[in-house]
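Structural overview
Listed below are the residues making up each chain.
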Amino acid sequence: MSAKRLPETIAHVRITRQSWQHGFLEGEVNAGEFEWHFQWHFRRGELAVKPSKGRALIKEPLGRFLEQQDYQLEPGGDYAFTIRAEL
């Protein structure tokens, strides 16, 4: 019996702005044919993702990625993570 593989999509993240004093990161994320801009206010635990098209697909996995990698993320840095869905 073979296990069915879940679909995967690689999400690419670029950090464009960061302020530890004000408690936020800004950046861009793209996966599949979608592209979003995000602003994460980590002190308030708020993640805003725009535009709304496809936002439900990326917001939760992006939030987990940002929380796991927070101190390693730097402006100008390019990062990637895997989403268990086909976008």
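The structure displayed is predicted, hence computed values, not measured ones.

This part covers helix 1 (residues 55-69). In this model, helix 1 (15 residues) spans 20 Å end to end at C-alpha, consistent with the 21 Å of a helix rising 1.5 Å per residue. Those residues of helix 1 lying buried are Ile58, Pro61, Leu62, Gly63, Phe65 and Leu66. Along its buried surface, helix 1 packs onto strand 1 (9-19), strand 2 (24-31), strand 3 (34-41), strand 4 (46-50) and strand 5 (78-83).

This part is about the pattern of salt bridges. Applying the stated rule across the entire model yields five salt bridges. Note that Arg84 is salt-bridged to Glu8, the shortest N-O span being 2.2 Å. Placement of the pair is Arg84 in the segment after strand 5 and Glu8 in the segment before strand 1, with a sequence separation of 76 residues. Here Glu8 falls in the partly exposed class, since its relative accessible area comes to 39%. Among the salt bridges present, the one from Glu46 reaches Arg44, with a minimum N-O distance of 3.3 Å. Judged by relative accessible area, which is 54%, Arg44 ranks as exposed.

Residues of the chain with pLDDT of at least 70 account for 97%, and the chain-wide mean is 91. Of all secondary-structure elements in the chain, the lowest mean pLDDT belongs to helix 1, at 94, while strand 4 reaches the highest, 97.

A separate point is the side chain of His41. Summarising the element assignment, His41 is placed in strand 3. Engagement of the side chain of His41 in a polar contact is seen with the side chain of Arg44, the distance being 3.1 Å. Excluding anything up to four places from it in sequence, His41 contacts Gly23, Phe24 and Glu46.

What follows deals with the sheet that holds strand 4. Spatially, 4-3-2-1-5 is the arrangement adopted by the five strands of the open sheet, whose pairing is antiparallel. In the strand order of this sheet, the two ends are held by strand 4 and strand 5, each with one partner. Each neighbouring strand pair of the sheet contributes to a mean axis angle of 25°, computed without reference to strand direction. Where strand 2 meets strand 3, eight bridges bridge the pair, whose relative direction is antiparallel. The residue of strand 3 that forms the bridge with Leu25 is Trp40.

A ring pair, where both rings are aromatic, is described by two values, the distance of the centres and the angle of the planes. Scanning all chains against the criterion turns up five aromatic pairs. Look at Trp20 and Phe42: their rings are 5.1 Å apart centre to centre, the planes differ by 55°, and that puts the pair in the tilted class. Here Trp20 is found in the loop between strand 1 and strand 2, whereas its partner Phe42 is found in the loop between strand 3 and strand 4, with 22 residues between them in sequence. Given a relative accessible area of 22%, Phe42 falls into the partly exposed group. Within the aromatic cluster, the residues linked to one another by ring pairs are Trp20, Trp40, Phe42 and Tyr71.

What counts and how
Residues numbered from 1 in each chain as written. Predicted model: local features only at pLDDT ≥ 70, side-chain atom pairs only at ≥ 80, totals over all residues. Heavy atoms only, no water. Helix = DSSP H or I, 4+ residues; strand = E, 2+ residues; numbered from the N terminus. Expected span 1.5 Å × (residues − 1). Buried < 20%, exposed > 50% of the residue type's maximum accessible area, 1.4 Å probe, protein only. Contact = heavy atoms within 4.5 Å. Salt bridge = Lys/Arg side-chain N within 4 Å of Asp/Glu carboxyl O. pLDDT = per-residue confidence, 0-100. Polar contact = N/O pair within 3.5 Å; in protein donor to acceptor, adjacent residues only side chain to side chain. Pairing = 2+ DSSP bridges. Axes fitted to C-alpha atoms, helices over the stretch in contact; angles between N-to-C directions. Phe/Tyr/Trp six-rings, centres within 6.5 Å; stacked < 30°, edge-to-face > 60°.

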